[in-house]
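A look at the structure
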Amino acid sequence: MHEDLEALKRALIVADMDLGIAAVQRLVDRDADPTWILEEGMAVAMFDLGEMWKRGEVFLPEVVASAEVFKACNAIVEPVLLARKDPDAPTNALVLLATVKGDLHDLGKNMVGAMLRTSGFDVHDLGKDVGADTIIQAIRQMQPAIIGLSALLTTTVPYQETVIKKLEAAGLRDTVIVMVGGAPVTPEWAEKIGADGYANNAPEAVEIARKLVGASQ
Ligand code: B12
């Protein structure tokens with residue numbers, strides 16, 4: 001299985017759609033843990049790709065192509081992950097997710113959403129490039145337990161703080177738990193802006209979300 005995971009990572013890095021789909025299908029057929037495929041395979045490959053991009057070894061069009069391969073592979077793994085949902089897991093807690101304004105990165109946010117769903121949370125995804133006004137309106141309408149804010153760019157991370165400040169100004173801050181994440185986000189940043197929770201990856205996000213809502217899920 002490890003060879004298939006390595007093949008999947010390689011396919012993501014070189015943006016080979018056929019090899020990626022074949023590798024992920026082999027892993028799924030062999031009952032590999034979908035969380036393992038996503039976190040140890042796909043997320044790691046995208047991180048490595050980011051490092052190569054920084055070093056000038058790949059360029060934007062190649063990263064766009066890799067993101068397409070990621071989405072196609074995710075479309076195979078995600079249903080397997082969701083099928084593992086325990087039908088008896090107590091649901092209720094609603095989580096709103098958004099990638100903040102100015103930021104179009106959503107692969108990680110989508111993974112967080114899928115893993116929260118599998119763990120019994122209800123998830124409503126507001127999408128990417130989402131401004132504070134949309135978030136505030138959605139909180140008023142849906143009254144979620146948690147809002148999860150994703151940001152992948154150093155230029156958009158500060159918008160997480162903007163959202164928190166606008167929640168305060170709207171008198172909503174005490175009604176909702178705020179979780180923040182995304183590759184450049186740190187626990188220190190989360191604390192500085194007064195977020196309630198931070199997680200480095202999707203399984204951790206589930207663990208923290210459970211703790212924050214005091215769930216036994
Ligand atoms: C794929 C990618 C893209 C794709 C995005 C496709 C998509 N639909 O998302 C495309 C090609 C479109 C893209 C565009 C750009 N990108 Co880009 N991109 C990446 C790359 C390589 C991977 C990101 C990714 O998907 N990782 C995989 C997922 C699974 O990981 P993740 O997002 O970190 O999510 C995990 C955790 O962070 C956490 N998490 C995520 N969200 C949340 C939310 C909550 C609430 C919680 C609790 C946890 C959590 O859980 C997830 C699962 O484990 C990164 C490199 C990197 N190191 O991050 C660069 C990177 C983020 N991009 C970068 C840049 C510069 C850009 C562009 C500005 C490039 C350009 N010149 O146009 C544009 C910006 C567009 C915009 N306005 O947003 C830089 C940012 C540098 C910086 N200082 O900010 C990076 C770091 C690359 C680099 N090394 O230089 N990008």
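Here the residue numbering is sequential within each chain, running from 1 through the sequence in written order. Only residues with pLDDT of at least 70 get local features here, since the model is predicted, and only at 80 or more are side-chain atom pairs given and counted; chain-wide, interface and lining totals rely on the full set of residues. With hydrogens and water stripped out, all remaining heavy atoms of the structure feed into the side-chain values.

**Details of the side chain of threonine 99**
A run of H or I in DSSP counts as a helix once it spans at least four residues, and a run of E counts as a strand once it spans at least two, with each numbered from the N terminus. Considering the arrangement of structural elements, one finds threonine 99 in strand S1 (residues 94-99). Separated by 3.0 Å, the side chain of threonine 99 and the backbone oxygen of histidine 105 make a polar contact. For this analysis, a polar contact is any N or O atom pair within 3.5 Å, provided that within protein one partner can donate a hydrogen and the other can accept it, and provided that sequence-adjacent residues contribute only side-chain to side-chain pairs.

**Some thoughts on the domain arrangement of the protein chain**
The domain architecture assigned to the protein chain consists of domain 1 (2-83) and domain 2 (94-213). As used throughout, domain bounds are those supplied by an automatic or database domain assignment. With centres defined by C-alpha atoms, the gap from domain 1 to domain 2 works out at 24 Å. Each partner contributes residues to the interface: domain 1 has 11 residues there, and domain 2 has 10 residues. Buried area is a sum: the accessible area each of two parts loses on coming together, probed at 1.4 Å, counted once for each and added. Where domain 1 abuts domain 2, roughly 890 Å² becomes buried across the two surfaces, and 78% of that area is made up of carbon and sulfur atoms. Salt bridges, as used here, are contacts in which a Lys or Arg side-chain nitrogen is within 4 Å of a carboxyl oxygen on Asp or Glu. Counting across the interface, domain 1 meets domain 2 through 0 salt bridges. Between domain 1 and domain 2 we count 1 residue pair in polar contact (both at pLDDT 80 or more) in total. Note on definitions: a residue-residue contact is assigned when non-hydrogen atoms from the two residues lie within 4.5 Å.

**What to know about the site of the ligand**
We define proximity as follows: a residue is near a molecule or strand when any one of its heavy atoms falls within 4 Å of that partner. Taken together, 37 residues lie around the ligand, and Leu104, His105, Asp106, Ser150 and Thr154 are the ones closest in. Contact between the ligand and glycine 50: a nitrogen atom at 2.9 Å from a main-chain N or O atom of the residue. Between alanine 202 and the ligand, the recorded distance is 3.2 Å, taken from a backbone N or O atom to an oxygen atom. Put simply, the parts of the chain that give the shell around the ligand at least two residues each are helix H3 (34-54), helix H4 (60-83), helix H5 (107-118), strand S3 (146-150), strand S4 (177-181) and helix H9 (202-213). No other element matches the 7 residues that H3 contributes to the shell around the ligand. For the shell around the ligand, the residue count by class is 21 nonpolar, 11 polar and 5 charged. Taken together, domain 1 (2-83) and domain 2 (94-213) each give at least three residues to the shell around the ligand, which thus spans both. The classification used treats Ala, Val, Leu, Ile, Met, Phe, Trp, Tyr, Cys and Pro as nonpolar, Asp, Glu, Lys and Arg as charged, and all other residues, Gly among them, as polar.

**Side note on the pairing of S4**
The rule is simple: take the accessible area with a 1.4 Å probe, protein chains only, and divide by the maximum for that residue type; under 20% is buried, over 50% is exposed, in between is partly exposed. A large share of S4 lies buried, amounting to 5 of its 5 residues. Alternating positions in S4 separate into two faces, Ile177, Met179 and Gly181 on one and Val178 and Val180 on the other, with burial throughout. As paired elements, S3 and S4 share 5 bridges and run parallel to each other. Its bridge partner being in S4, isoleucine 147 is matched across the sheet by valine 178. We call two strands paired when DSSP finds no fewer than two bridges between them.

**Structural notes on the packing of H3 against H4**
In this description, a line fitted to the C-alpha atoms serves as the axis of each element, helices being fitted only across the stretch in contact, and the angle between N-to-C directions of two axes falls anywhere from 0 to 180 degrees. In the contact formed by H3 and H4, the axes pass within 11 Å of each other and the chain directions differ by 175°. In terms of orientation, H3 and H4 fall into the roughly antiparallel class. Counted together, Pro34, Thr35, Ile37, Leu38, Met42, Ala43, Met46, Leu49 and Trp53 of H3 and Leu60, Val63, Ser66, Ala67, Phe70, Cys73, Asn74, Val77, Val80 and Leu81 of H4 form the full contact between these two elements. Tallied by class, residues from the contact of H3 with H4 come to 16 nonpolar, 3 polar and no charged. Just so you know how the angles are binned, under 35 degrees is roughly parallel, over 145 roughly antiparallel, 65 to 115 roughly perpendicular, and the rest oblique.

**Quick look at the packing of helix H1 (residues 2-14) against helix H2 (residues 17-29)**
Here H1 crosses H2 at 155°, and the two axes come no closer than 8 Å. By the angle between their axes, H1 is roughly antiparallel relative to H2. Read as a crossing pair, H1 and H2 show a hand that is left-handed. Each of Asp4, Leu5, Ala7, Leu8 and Ala11 in H1 lies in contact with H2, whose residues at this interface are Leu19, Gly20, Ala23, Val24, Arg26 and Leu27. In terms of residue class, the contact of H1 with H2 is built from 8 nonpolar, 1 polar and 2 charged. Left-handed is the label given to a crossing in which the near helix is rotated counterclockwise from the far helix by less than a right angle, and right-handed is the label when the rotation is clockwise.

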